[in-house]
Amino acid sequence: MSATFGGRTGRQGKLSQWLLGRRPKEDAADDGGREALLLAAAAAGLPLAPAAHPADGYRCSCDRVGCPTPARHPVSFAWQTQSTTDRAQLERWARHQPEANFITATGMVHDVLDVPLEAGREALDRLLGTGVEVGPVTESDDGRMLFFTLTRGTPEDEDEWWPCALDCHPETMDEHPGLRWHCRGSYVLVPPARLPGDDQQVRWVRGPEHPLPDPLTLLEALTDACARHAGTEPDHASAAWPLRP
């Protein structure tokens with residue numbers, strides 16, 4: 001699957017220059033920039049679907065009273081089947097829902113390793129410094145960093161599927177403040193996304209033009225950084241690793 005992300009030299013260069021040349025605040029306010037970022041993510045193979053957005057500062061645009069994850073969830077219960085990379089559909093959604101955030105469904109093409117922001121920054125520096133291939137990375141102003149990887153959730157042999165103890169419903173983030181492995185049945189926000197609060201956003205640190213790595217090439221650095229962030233010793237053989245059924 002990583003080959004799908006290569007071979008777009010012109011697009012990669014243009015997207016990288018665009019990302020570096022614009023400030024996040026401008027991205028959120030510029031509809032053309034928003035659509036370009038969403039289409040770039042879809043062109044890289046990330047299946048997208050519309051999500052809720054902030055309303056009146058800290059509320060969610062959905063109808064749920066006391067929404068536990070304001071602006072962080074899909075608008076449709078059918079988000080897994082609705083998620084798509086189809087350009088025409090994404091353009092319709094983006095233009096008809098100009099305030100909507102978008103999620104990408106994990107476990108189809110990609111997984112996401114989701115860690116505390118400071119631990120993620122430490123791990124990213126270490127990985128890049130040692131020459132490890134790191135794929136797309138996002139960070140959010142609510143304190144998380146997401147590493148996009150190839151999926152281990154849909155192998156040809158169903159008996160080889162690796163579920164993960166930390167891959168629970170996205171609403172239960174508080175129960176797993178360290179590493180979370182988003183695979184089949186989960187989702188994450190993709191940039192540009194707005195969060196409740198003043199200028200709270202989700203942005204690309206490394207854009208979707210970067211090839212997706214195998215998650216196991218990142219896992220040791222991420223679990224080490226999470227352990228240091230939490231003030232505990234890392235345990236690579238337990239909670240952070242996928243569990244065989």
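Residues numbered from 1 in each chain as written. Predicted model: local features only at pLDDT ≥ 70, side-chain atom pairs only at ≥ 80, totals over all residues. Heavy atoms only, no water.

Right, let's get into the side chain of Thr106. For Thr106, the position within the fold is in the loop between strand S4 (101-105) and strand S5 (110-116). At 2.7 Å, the side chain of Thr106 forms a polar contact with the backbone oxygen of Cys183. Each residue touching Thr106, except ones within four places of it in the same chain, is listed here: Asp111, Val112, His182, Cys183, Arg184, Gly185, Ser186 and Tyr187. (Helix = DSSP H or I, 4+ residues; strand = E, 2+ residues; numbered from the N terminus. Polar contact = N/O pair within 3.5 Å; in protein donor to acceptor, adjacent residues only side chain to side chain. Contact = heavy atoms within 4.5 Å.)

Across all of its chains, the model carries three aromatic pairs by this definition. With a centroid separation of 4.8 Å and an interplanar angle of 75°, the aromatic rings of Trp79 and Tyr187 are classed as edge-to-face. On the criterion of sequence distance, the pair formed by Trp79 in helix H5 (residues 79-82) and Tyr187 in strand S9 (residues 187-190) is long-range, its members being 108 residues apart. Among the residues examined, Trp79 registers a relative accessible area of 10% and is labelled buried. Their ring planes at 50° and their centres at 6.4 Å tell us that Trp93 and Phe102 sit as a pair that is tilted. Of the two residues examined, Trp93 and Phe102, each falls in the buried class. (Phe/Tyr/Trp six-rings, centres within 6.5 Å; stacked < 30°, edge-to-face > 60°. Buried < 20%, exposed > 50% of the residue type's maximum accessible area, 1.4 Å probe, protein only.)

The next thing to look at is the pattern of salt bridges. Applying the stated criterion to the full structure yields twelve salt bridges. We note a salt bridge from Arg59 to Asp56, for which the minimum N-O separation is 2.5 Å. Judged by its relative accessible area of 46%, Arg59 is partly exposed. The class for Asp56 is exposed, based on a relative accessible area of 66%. In this structure, Glu91 and Arg87 form a salt bridge, with 3.1 Å as the shortest nitrogen-oxygen distance. Highlighted residues: Glu91 and Arg87, both in helix H6 (residues 87-96), separated by four residues, approximately one helical turn. For Arg87, a relative accessible area of 52% translates into the label exposed. Each of Glu118, Arg121, Glu139, Asp141 and Arg203 takes part in one network of salt bridges that share partners. (Salt bridge = Lys/Arg side-chain N within 4 Å of Asp/Glu carboxyl O.)

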